[in-house]
Amino acid sequence: MPGLLEALRDAVGPALFYGAVSPVLKIAVLLFLGVLPLISYLTLAERKILGFLQVRTGPNRVGPWGLLQPIADVLKLLVKEDVIPNQAVRWAFVLGPCLVVAPAFIILGVIPFGPPSGSEGAPSLFIADVNVALLFVIATATIGVYGLIIGGWASNSKFSLLGGLRSAAQMISYEVPQGLALVGPLLLAGSMSLVDIVEVQRDGRLWFFVPQFVAFFIYMVAGVAESNRNPFDLPEAESELVAGYHTEYSGMRFALFFLGEYANMIVVSAVAVTLFLGGWLPPFPSVEALSFLHLSFLPAGLAGLLWFSAKLSVFLFVYIWFRGTFPRYRFDQLMDLGWKWLIPLALANILLTGLLKLLT
Amino acid sequence: MEPPQTSPRQTLLGLEEMELNFGPQHPSTHGVLRLKLRVDGERIVDCYPIIGYLHRGTEKLFELHPFFQNVPHTDRMDYVAAATNNLAYVGAVEKLCGLVVPPRARYIRTLLSELQRISSHLLWLATHAIDIGAMTPFFYTFRERELILDLFEQYCGARLTLNCMRPGGQPYDLPAGWVELCREFVEDFPSKVDEYEGLLTENRIWKKRTVGVGVLSAETALEYGVTGPMLRGSGVAWDLRKAEPYDAYPEVEFDIAVRHNGDTYDRYLVRMDEMRQAARIITQCLDQLPEGPIMAKRPRVLKAPKASEAYYAIEGPKGEIGFYIVGDGTPNPHRCRVRPPSFMNLQVLPEMVRGDLVSDLVAVIGTTDIVLGEVDR
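Residues numbered from 1 in each chain as written. Chains lettered and ligands numbered in written order. Predicted model: local features only at pLDDT ≥ 70, side-chain atom pairs only at ≥ 80, totals over all residues.

Q: Explanation requested: the overall build of chain B in the structure shown.
A: Scanning chain B from terminus to terminus reveals 15 helices and 6 strands. Computed over the C-alpha atoms, the radius of gyration of chain B is 21 Å, within 12% of the 21 Å expected from 2.2 N^0.38 for a compact globule of 377 residues. Taking the principal axes of the C-alpha coordinates as reference, chain B spans close to 75 × 50 × 35 Å. Burial status across chain B gives 52% buried among its 377 residues. Of the contacts formed within chain B by residues at least 6 apart in sequence, a portion of 71% connects residues at least 24 apart. (Helix = DSSP H or I, 4+ residues; strand = E, 2+ residues; numbered from the N terminus. Rg over C-alpha atoms; globule rule 2.2 N^0.38 Å. Buried ≥ 20, exposed ≤ 12 C-beta atoms within 10 Å, placed from the backbone. Contact = placed C-beta atoms within 7 Å.)

Here is the structure:
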């Protein structure tokens, strides 16, 4: 495999290789070997864990332990009839789901899944180390909400419309505390590059969720709301709005909304891992006695990836755990929580962090 | 009957109200209830229930069959609480024809109807919680409901449409081992109720969604003829099991569960209490179960006296379920009118949701605990 890559590099020239071929290859690998299987198996994990919480077994018919269930689901969704209602606004109806999925995937481009490579030529475990990555994440995540609004409006159904309205209000009010929560780690790290932020946590020997636990808490609450998950799953509350904004969607278009939701869960968790839990770093990197946690028998990149995945899984498990435990908030209560509690709290946190930064 | 036609009013911001058709195919209308809503954003301006999608002419059907053959019709009215429907119907027939039920049969009836009360409340809790977004209680309650259905199955062979009572007594005696199984269940059951309460009672979000939502004052409740846990949640301690005791209820000890705020949360607490009380009643019935015959002496063909009438009501899981039967000397009832608790309780729904949000509507429909089979008959 490395031989093949080197041959390719020699064939197209290093400039083109590092500029275009390598990123495209990485994107392809990330999408088709990383994210898509992760999402489809996340659905299986969710059903299994929910089953465990709810004294039942979850899927167990397709393949051993239900392991082929996601594949069966995807196949089913692919061959289903794709209905576009007569009264729908066609172009917007088609555009909606794409606008939900694309931003979530784009954000993954700046997430560092592992450390940058030490030597020239060896691949780093991220697609791009952008110097304004944090801004990029916030900006791109914002686009997703348009998908929901457009989808809800274009369906020309009252339940969809109400779902779209809810998601608009919810996501706009939760983006504010989410963005404000990210300012804390940003102040501590002094850089917007996600790779830099992780490296500051390594050098400072402290993950940011310790000094920034308020920001961490706000970010997680806002993140759950942002990805429309229980207890903030109002836009698609099936017992109230049938299925909210995706009431009229079917087949693969419906699946795209789902894909978007799960991709968003992964993105929100990945950003949280990077900013607050030290990204690819092992726990307590400076404690001698725990140095076995570095997994130094593995290649450096792989160990980092493993730690990153482990932390990500914890977040995803918590998401699913929420779903098994909480009832749903009401619309106005959700807004109350966002505007009256999270935003003032986030502002206070920024103020405090800034003061501490100034004094030390 | 169609709702009065009014043109959409302008709201404060100069926007029009929206008319929203809620049901009959909607996940949380508990069957085929249809609500015509006028909403301003998500706030409900008016609510107009439209019923009849499950109308099967049950009351007319009663006139076409002899008294004995009418019991299965009652199963299909409130189909999650067949035993109490049976009990109200056979009670009315017994009152009409002057049959005296032997003590053992009375105890078996009490056992069955209290088990039914638990299973009906379990189903209510499951759907109510899932409407509010808490998914897990659904599975926990169904685990216990399954055990009750097993007990029913052992007694009469059916799990849902029980057809388990006859005018004059009980068709079967309790099978061997049933008492032990039932005892095992009720001994374990209060700890399961603790489990449900652990998930919900002190849950912040649950309280936010239910406290102060769908408030029903005692006066309104009485005006509309609301009965059952709905009435007791509003502070009126009216329970037919105490007010007009029937079957084994005079001989057992239990408390009427009452709460005073009349909101969704209080009705939730009332029903949780009732499940505990039901377990208490069942334990006492099992302890005191008398021996003896299970069927009164009765003619092969039961005929009501000429120009006779009787109304007999019991405390069902959802409220007062009563049958008014007119006899004309033939083996068939001349007329049979049902007083269904779901129908009466549903009437008060618009009063409870006006001015609330669509999300509250769902919680309030859940808390009224309607079964459309009984509303429409």
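Still to come is the rest of the account.
Q: I tried to follow the overall build of chain A on my own but got confused; where do I start?
A: Counting secondary structure elements, chain A contains 12 helices and 0 strands. Listed N to C, the secondary structure of chain A is α-α-α-α-α-α-α-α-α-α-α-α in terms of helices and strands. The buried share of chain A, taken over its 360 residues, is 44%.

Q: I'm lost on the sheet that holds strand S2 (residues 34-40) of chain B in this one. Help?
A: Residue and element names in this part refer to chain B. Reading across from one edge, S1-S2-S3 is the order of the 3 strands in this open sheet, with antiparallel pairing throughout. Single-partner strands in this sheet number two, and they are strand S1 (18-22) and strand S3 (43-50). Mean inter-strand twist for the sheet, computed between neighbouring axes without regard to direction, equals 20°. With 5 bridges joining them, S1 and S2 adopt antiparallel strand pairing. (Pairing = 2+ DSSP bridges. Axes fitted to C-alpha atoms, helices over the stretch in contact; angles between N-to-C directions.)

Q: How do you make sense of the pairing of S3 of chain B when you look at a structure like this?
A: Regular strands place their side chains on alternate faces of the sheet. Bridge count for S2 of chain B against S3 of chain B is 7 bridges, and the pairing is antiparallel. When the bridges of S3 of chain B are listed, Leu37 of chain B appears paired with Cys47 of chain B.

Q: Help me out: how do you make sense of the interface of chain B and chain A in this one?
A: Many descriptions give the size of an interface as the accessible area lost when the pieces come together. The interface is formed by 26 residues belonging to chain B together with 24 residues belonging to chain A. Within the residue set of the side of chain B that touches chain A, elements represented by two or more residues are S1, helix H4 (103-132), helix H5 (136-156), helix H7 (204-210) and helix H14 (358-368) of chain B. Its residues placed into classes, the side of chain B that touches chain A shows 15 nonpolar, 6 polar and 5 charged. (Nonpolar A, V, L, I, M, F, W, Y, C, P; charged D, E, K, R; others polar.)

Q: Can you walk me through the sheet that holds strand S5 (residues 320-327) of chain B in this structure?
A: The strands making up a sheet are joined through hydrogen bonds of the backbone, oriented either antiparallel or parallel. All names here are of chain B. Strand order in the open sheet formed by 3 strands is S4-S5-S6, with antiparallel pairing between adjacent strands. Lying at the two open borders of the sheet, with one neighbouring strand each, are strand S4 (308-315) and strand S6 (333-339). Looking at each pair of strands side by side, their axes are set apart by 15° on average, direction ignored. With 6 bridges connecting them, S5 and S6 associate as antiparallel partners. What sits directly across from Gly322, in S6, is Arg339.

Q: Looking at this structure, how should I read helix H3 (residues 82-97) of chain B?
A: Because an α-helix packs 3.6 residues into every turn, residues spaced three or four apart end up facing the same way. Residues and elements named next belong to chain B. The end-to-end C-alpha distance of H3 is 22 Å, a good match for the 22 Å that 16 residues give at a rise of 1.5 Å each. In terms of burial, H3 is largely enclosed, as 15 of its 16 residues are buried. Just downstream of H3 lies Gly98, where phi reads positive at about 70°. (Expected span 1.5 Å × (residues − 1).)

Q: Looking at this structure, how should I read the pairing of S4 of chain B?
A: All names here are of chain B. Pairing geometry for S4 and S5, over 8 bridges, is antiparallel. Note that in S5 the partner of Glu315 across the bridge is Glu320. Two successive antiparallel strands, S4 and S5, enclose a turn made up of 4 residues, where Gly319 displays a positive phi of approximately 140°.

Q: Would you mind showing me how to read the domain arrangement of chain A here?
A: Residues and elements named next belong to chain A. Under the domain assignment, chain A is made up of domain 1 (1-79) and domain 2 (84-359). A straight line from the C-alpha centre of domain 1 to that of domain 2 covers 20 Å. The partner domain 2 presents 15 residues to the 17 residues of domain 1 that form the contact. Contributing elements (two or more residues each) for the side of domain 1 that touches domain 2: helix H2 (14-53) and helix H3 (69-79). (Domains from an automatic or database assignment.)

Q: It is not clear to me how H5 of chain B should be interpreted in this structure. Could you clarify?
A: Residues and elements named next belong to chain B. Look at H5: 31 Å from first C-alpha to last across 21 residues, which is about the 30 Å you get at 1.5 Å a residue. Among the residues of H5, those classed as buried are Thr136, Pro137, Tyr140, Thr141, Glu144, Arg145, Ile148, Leu151, Phe152, Tyr155 and Cys156. After H5 finishes, the residue Gly157 shows a positive phi value of roughly 90°.

Q: For this particular structure, what's the right way to read the packing of H3 of chain B against H4 of chain B?
A: In helix packing, the relevant descriptors are the interaxial angle and the interaxial distance, both defined with respect to the helix axes. Residue and element names in this part refer to chain B. Direction vectors running N to C along H3 and H4 enclose 140°, while the axes themselves pass 7 Å from each other. Considering the angle they form, H3 stands oblique to H4. Residues Ala83, Thr84 and Leu87 of H3 form the contact with H4, whose own contacting residues are Arg109, Leu112, Ser113 and Gln116. Each residue belonging to the contact of H3 with H4 can be placed in one class, and the counts come to 3 nonpolar, 3 polar and 1 charged. (Parallel < 35°, antiparallel > 145°, perpendicular 65-115°, else oblique.)

Q: Help me out: how do you make sense of the nonpolar core in this one?
A: The nonpolar side chains of a soluble globular protein tend to be buried with one another. Membership of the largest hydrophobic core comes to 203 residues, with the highest contact counts inside it found for Tyr219, Ala263 and Ala272 of chain A together with Ala88 and Ile282 of chain B. Tallying contributions element by element places helix H10 (residues 251-276) of chain A first for this core, with 16 residues. For this core, the two domains that each supply at least three residues are domain 1 (1-79) and domain 2 (84-359) of chain A. Look past the residues within four positions of Ala88 of chain B in its chain and what remains in contact with it is Tyr312, Ala313, Ile314, Gly316, Ile321, Gly322 and Phe323 of chain B. (Core = buried A, V, L, I, M, F, W, Y, C linked by C-beta atoms within 7 Å.)

Q: Honestly, the environment of Glu153 of chain B in this entry has me stumped. Any pointers?
A: Considering the arrangement of structural elements, one finds Glu153 of chain B in helix H5. Glu153 of chain B sits in the partly exposed class, given 13 other C-beta atoms within 10 Å.

Q: Teacher, can you tell me more about the environment of Ala243 of chain A here?
A: Secondary-structure assignment places Ala243 of chain A in the loop between helix H9 (238-241) and H10. Considering only alpha carbons, one finds Ala243 of chain A and Ala225 of chain A, 18 residues apart in sequence, at a separation of 17 Å.

Q: I'm lost on the packing of H2 of chain A against H10 of chain A in this one. Help?
A: Residue and element names in this part refer to chain A. At a closest axis distance of 10 Å, the pairing of H2 and H10 adopts a crossing angle of 100°. Judged by the angle between their axes, H2 and H10 are roughly perpendicular. Counted together, Val35, Leu38, Ile39, Leu42 and Thr43 of H2 and Leu259, Tyr262, Ala263 and Ile266 of H10 form the full contact between these two elements. Its residues assigned to classes, the contact of H2 with H10 comprises 8 nonpolar, 1 polar and no charged.

Q: Hey, could you run me through the confidence of the model for chain B in this one?
A: When pLDDT is low, close inspection of the predicted coordinates is not appropriate. Mean pLDDT over chain B: 87, with 96% of residues reaching 70 or higher. As a predicted assembly, this complex carries a pTM of 0.84 together with an ipTM value of 0.77. (pLDDT = per-residue confidence, 0-100.)

Q: Whenever I open this one, unusual backbone geometry confuses me. Can you help?
A: Across residues other than glycine, the phi torsion is negative in most instances, and most of the peptide bonds are trans. Positive phi, close to 60°, is recorded for Asn156 of chain A, a residue that is not glycine. Tracing the chain through its elements places Asn156 of chain A in the loop between helix H5 (133-154) and helix H6 (158-189).

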